[in-house]
Amino acid sequence: MKLVLLGPPGVGKGTQATNVKEHFGIVHLSTGDILRGEVKANSELGQKAKSFMDAGKLVPDELLLKMMEIRLQQPDCEPGYLLDGFPRTIPQAEGLDNLLTGLGQNLAAVVSLTADEDELVKRLVLRGETSGRSDDTPKVIRDRQEVYRQQTEPLLEYYASTDLVKEVDGIGTIEEITQRILAVLN
Ligand code: ADP
């Protein structure tokens, strides 16, 4: 089962990804988590990514594609994976398609989690009070929403022709939303 989870910052992708990965016994690949790990380790990739992340901007496509090309070939990805935060731009989606073709793999679905933007900003401001994430401040949160609208939302159009997109309402309890996601996947 190879899945993409798409949705604006704050919609709860990480929380839902954890539940969905457990259900299917697949790995959860959050590019945000992977990148934060690289920053923490002060690796070459982390050093390159940090300033973009702190500003709420996207890390350049080439860096993401190189990182994911390596990651998707690790043996733990064979049974399946849930991509959370990737692809995030049209070039990344095209790059992913090439990677999948090379690996002889297909996506099973692109799950699109939706929610009202004001609600999301409220949630993220709250999260920022405890997450310690340098990009969970009101200004950077608004910027990330804008980046999402401009660069990531067009992916829905990109995938529309493939019949892969399953839209799921992201407002509700964690459990309700997980059930909605599992329902569209079955
Ligand atoms: P969000 O809550 O904004 O969805 P993430 O944890 O997914 O946060 O990502 C945090 C930051 O990491 C992004 O704002 C961006 O700088 C960087 N990042 C994560 N995934 C990607 C990607 N696919 N392409 C470019 N940058 C990315």
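Everything that follows concerns the structure shown earlier in this document.
Residues numbered from 1 in each chain as written. Predicted model: local features only at pLDDT ≥ 70, side-chain atom pairs only at ≥ 80, totals over all residues. Heavy atoms only, no water.

Caption draft 1: Representation of the site of the ligand. In the region of the ligand, 19 residues are neighbours, and T31, R36, K57, G85 and Q92 sit closest. Between an oxygen atom of the ligand and a side-chain N or O atom of R88, the distance comes to 3.2 Å. Within the contact set of the ligand, an oxygen atom lies 3.0 Å away from a side-chain nitrogen or oxygen of R144. When the ligand is considered free in solution it has 550 Å² of accessible area, and contact with the protein chains removes 96% of it. Split into classes, the residues belonging to the shell around the ligand amount to 7 nonpolar, 4 polar and 8 charged. (Near = heavy atom within 4 Å. Polar contact = N/O pair within 3.5 Å; in protein donor to acceptor, adjacent residues only side chain to side chain. Areas by Shrake-Rupley, 256 points an atom, 1.4 Å probe, with all protein chains shown as cover. Nonpolar A, V, L, I, M, F, W, Y, C, P; charged D, E, K, R; others polar.)

Caption draft 2: Up close: the packing of helix α2 (residues 31-41) against helix α4 (residues 61-71). It is at 12 Å that the axes of α2 and α4 come closest, and there the two elements cross at 100°. The orientation of α2 relative to α4 falls into the category roughly perpendicular. Of the residues in α4, those in contact with T31, I34 and L35 of α2 are L64, M67 and M68. Of the residues contributing to the contact of α2 with α4, the split by class is 5 nonpolar, 1 polar and no charged. (Axes fitted to C-alpha atoms, helices over the stretch in contact; angles between N-to-C directions. Helix = DSSP H or I, 4+ residues; strand = E, 2+ residues; numbered from the N terminus. Parallel < 35°, antiparallel > 145°, perpendicular 65-115°, else oblique. Contact = heavy atoms within 4.5 Å.)

Caption draft 3: Representation of the nonpolar core within the structure. Ranked by size, the top nonpolar core spans 29 residues in total, and within it L83 and L96 carry the most contacts. Listing elements by their share of this core, those giving two or more residues are β1 (2-6), β2 (27-30), α3 (44-54), α4, β3 (81-84), α5 (90-103) and α8 (154-160). If one sorts the elements of this core by residue count, α4 sits on top with 5 residues. For L96, the contacting residues outside a window of four places in its chain are V4, L65, L72, L83, F86, P87, L107 and Y159. Formed by 15 residues, the second largest nonpolar core is a distinct cluster that contains A17, L113, I177 and L185. (Core = buried A, V, L, I, M, F, W, Y, C linked by side-chain atoms within 4.5 Å. Buried < 20%, exposed > 50% of the residue type's maximum accessible area, 1.4 Å probe, protein only.)

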